[in-house]
Each structure stands twice: as structure tokens, then as C-alpha cells.
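# Coordinates in review
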Amino acid sequence: VRCELDPGRYPAGEKITDFESLDYRRDGSTFWTSMNVQAIRDSDGNILHYEGTVEDITNRKMAVKVLLESEERYRTLLNGMLDGIYRSSHDGKFLDVNPAMIKMFGYDSKEEMLALDIKQEMYFAPEERGRAGLDHRLLRARRGDREALPRGSHQVRQRGAVLVPVAAAAVL
């Protein structure tokens, strides 16, 4: 790969870092590169030469593309489900909720649900989560005990203190 840089365009001391470009091989096929370049100057500031690195990042670019496509499929599936689906942290905070979950529990936005304390604001009896061993079983499941994955039903509070029966199954 040969690259000509315009010396007047880059003042003394300036570096080009992580410049990504789609390049062509002799056979016409394409590949992605990341370039880092700096001008080496003499004591008068005249450019003597350029030094730098060029890295083939084609595999990384392809992996990012595949990941973004996978995330889009996940989002489309999650947001299209009629069942309420959520992810929560061990300490009782929602990490993600789908639109059906928001509607089911009578909230106006995802942000409103993400701000809730599940133990205090969602369970009819806040101690129910602990009494059912949910916290302990989730911890065991995260350590590899698949039999400990919580399943069952309980009642949770809809906005406005209306009770909603819920069937739940945890997935790690």
C-alpha cells in the first residue's frame, strides 16, 4: 500500500491515528485498513519522511457488522413480542424492558420502568422476592446451577397498586 500525504495539510507534530479506509488489492478485492501516520521533520521543520503502521482490520469490521445485525434481530424480536420481557440486575433494577412489559404494567415509558426499584415498587409484598428464594436461586444459577433457575408465579404491582399475576422464568 502506497500513500501520498500532502505536507501542507498536516502541521508539524500532527498525527493521523486510526484512519480507516476501504482499500483494493491487485486482484480487485477489497479490504479494510486502519492507518496511523506521523511526519518526521528535521530541525527546520521540513518533512524528511513519514512513518506509521497500516493494519488489516477486515475481520474486525466484519465481526462488528455481524454483531450489529444480531443486535437488530434481538431488538426486533424483543420489541415485537406480546409478552412482557425484561432483564434485571441482582440488586433489583430493571436493565431492559420491552414495550409489552411497559404497557402491561401501566407505565408511560421505558425510562420510567428502568427507574423503579423492583423489590420495593413491583412486588405486592417486597419480602416475597427474598422469601421465595429468588435472590439465592439467581445467584446459584449464575454460578452454573441450571436447576436453580427460578420458575413460578407470584403477584406483582401494576402502576396504581393493581395486582397482576405473573408467571416467570429466569434465563441467564
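Residues numbered from 1 in each chain as written. Predicted model: local features only at pLDDT ≥ 70, side-chain atom pairs only at ≥ 80, totals over all residues. Heavy atoms only, no water.

The next subject is the confidence of the model for the chain. Considering every residue of the chain, the mean pLDDT works out to 78; 63% of them sit at 70 or more. Here helix H5 (residues 127-131) stands out as the element of the chain with the lowest mean pLDDT, 53, in contrast to helix H1 (residues 58-80), whose mean of 95 is the highest. (pLDDT = per-residue confidence, 0-100. Helix = DSSP H or I, 4+ residues; strand = E, 2+ residues; numbered from the N terminus.)

Turning our eyes to something else, we now look at the pairing of strand S3 (residues 47-56). As judged from the nine bridges shared by strand S2 (residues 30-41) and S3, these two strands associate in the antiparallel manner. Residue pairing for S3: Ile40 is matched across the bridge by His49. Connecting the antiparallel pair S2 and S3 is a turn made up of five residues, with Gly45 showing a positive phi of about 90 degrees. (Pairing = 2+ DSSP bridges.)

Attention shifts here to the sheet that holds S3. The strands that make up a sheet are held in pairs by hydrogen bonds between backbone atoms, and each pair lies either parallel or antiparallel. Pairing is antiparallel across the open sheet formed by three strands, whose spatial order is S1-S2-S3. Because the sheet does not close on itself, it has two edges, and the strands there are strand S1 (15-24) and S3. On average, each strand axis in the sheet is tilted by 30 degrees relative to the strand beside it, whichever way the strands run. Of the strands in this sheet, S1, S2 and S3 are in contact with H1, which crosses S2 at around 125 degrees. (Axes fitted to C-alpha atoms, helices over the stretch in contact; angles between N-to-C directions. Contact = heavy atoms within 4.5 Å.)

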